[in-house]
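# A structural walkthrough
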Amino acid sequence: MWYELTHHFIYDSVGLNGKLAQASHFFIYDTAKIWFLLVTIIFAVSFLRTWFNTEYVRAHLQGKSALYGHTVAALFGIITPFCSCSAIPLFLGFIQARIPLGVTFSYLISAPMNNEIAIAMLFGLFGFKVTAIYIVFGLFVAILGGFIIGKLGLEKEILMDVTPLESELHANMTKLTFQARIKEAWEYTYDIFKKIYIYVMLGVGLGAWIHGYVPTDFIATYAGEGNPFAVVIAVLMGIPMYSNAAGVMPLVEVLTNKGMLLGTALSFMMAVTALSLPEAMILKRIISLKLIAIFFAIVGSGIIAIGYLFNFLL
């Protein structure tokens, strides 16, 4: 219904036509759809998160097996809607709590790549199947990447002093009334929406311009099925950029509509959100350049592998 209403408004009420009409229709329709999905899913996940806090997760991970720790840390990344840089404070908290290094990296990889904002937008743009495959692959990269880093014995590459905990953490769930949980979830949702709505508009705006004005053949030639190195190029192009899922996801839809294979487009998005130069600049105060390079190499390789696998499966 919203698609038809937008179409009627652009073409009949306003009287636009041609490329401008296509771009305008795309911008209005996608912006409203993405905003609705973001508010709905962020609120649902935020309500769920009112039962847990950082200390609960950190205490719960203590003493658990490596595989269990990596899995829980990666899953925890789904309910923390952070970009790669804003995930670092919690990454620091895990280190200070003496959570195994590999487990902390499973969280750091997963948080920007698998958070609910990315999931909501993927679901709205590509449906359940693509979203489910993306989540599975994203978690796999986070778990395997953290596992490899943990096995390399790189604790000596941590530059900061790790202060021992004065007392043991206890895994206590947050106690709130139902009304308090609703209020906290809504306030959090509103706060997150205020921070990202402009990125949605900018991303959709750029996507609308590409949708209306960039020839399909141009993208298909350089990043389509005919270029075997398209995924690698997309990842290398994404690393220097810095954005969150809200800003880059609308471009994925447009690029795929223009002829870019879905795996290539998703690899670009994952590189932008999970790896960035600003993230590296912050991390170099915490860990050595050697560990940063290993982190980027492992995650970048995983993203490239996922891109090719997506292209093969879909």
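Keep in mind the model is a prediction, meaning the values are calculated, not measured.

Conventions and cut-offs
Residues numbered from 1 in each chain as written. Predicted model: local features only at pLDDT ≥ 70, side-chain atom pairs only at ≥ 80, totals over all residues. Heavy atoms only, no water. Helix = DSSP H or I, 4+ residues; strand = E, 2+ residues; numbered from the N terminus. Buried < 20%, exposed > 50% of the residue type's maximum accessible area, 1.4 Å probe, protein only. Contact = heavy atoms within 4.5 Å. Areas by Shrake-Rupley, 256 points an atom, 1.4 Å probe, with all protein chains shown as cover. Salt bridge = Lys/Arg side-chain N within 4 Å of Asp/Glu carboxyl O.

### Observations concerning the overall build of the chain
Of regular secondary structure, the chain possesses 14 helices and zero strands. Going from the N terminus to the C terminus, the chain shows its helices and strands as α-α-α-α-α-α-α-α-α-α-α-α-α-α. Going through the 314 residues of the chain one by one, you find that 52% of them count as buried. Within the chain, residue pairs in contact and separated by at least 24 positions form 85% of the contacts whose partners lie at least 6 positions apart. As displayed, the chain has an accessible area near 14900 Å², and 69% of this comes from carbon and sulfur atoms.

### Observations concerning the pattern of salt bridges
Applying the stated criterion across every chain yields a total of one salt bridge. For Glu187, the salt bridge identified is with Lys183, shortest N-O distance 2.5 Å. Of this pair, Glu187 and Lys183 both sit in helix H8 (residues 178-213), four residues apart, which is roughly one turn of the helix. The class for Glu187 is partly exposed, based on a relative accessible area of 42%.

It is worth stressing that arrangement in space is one thing and function is another; only the former is reported here.
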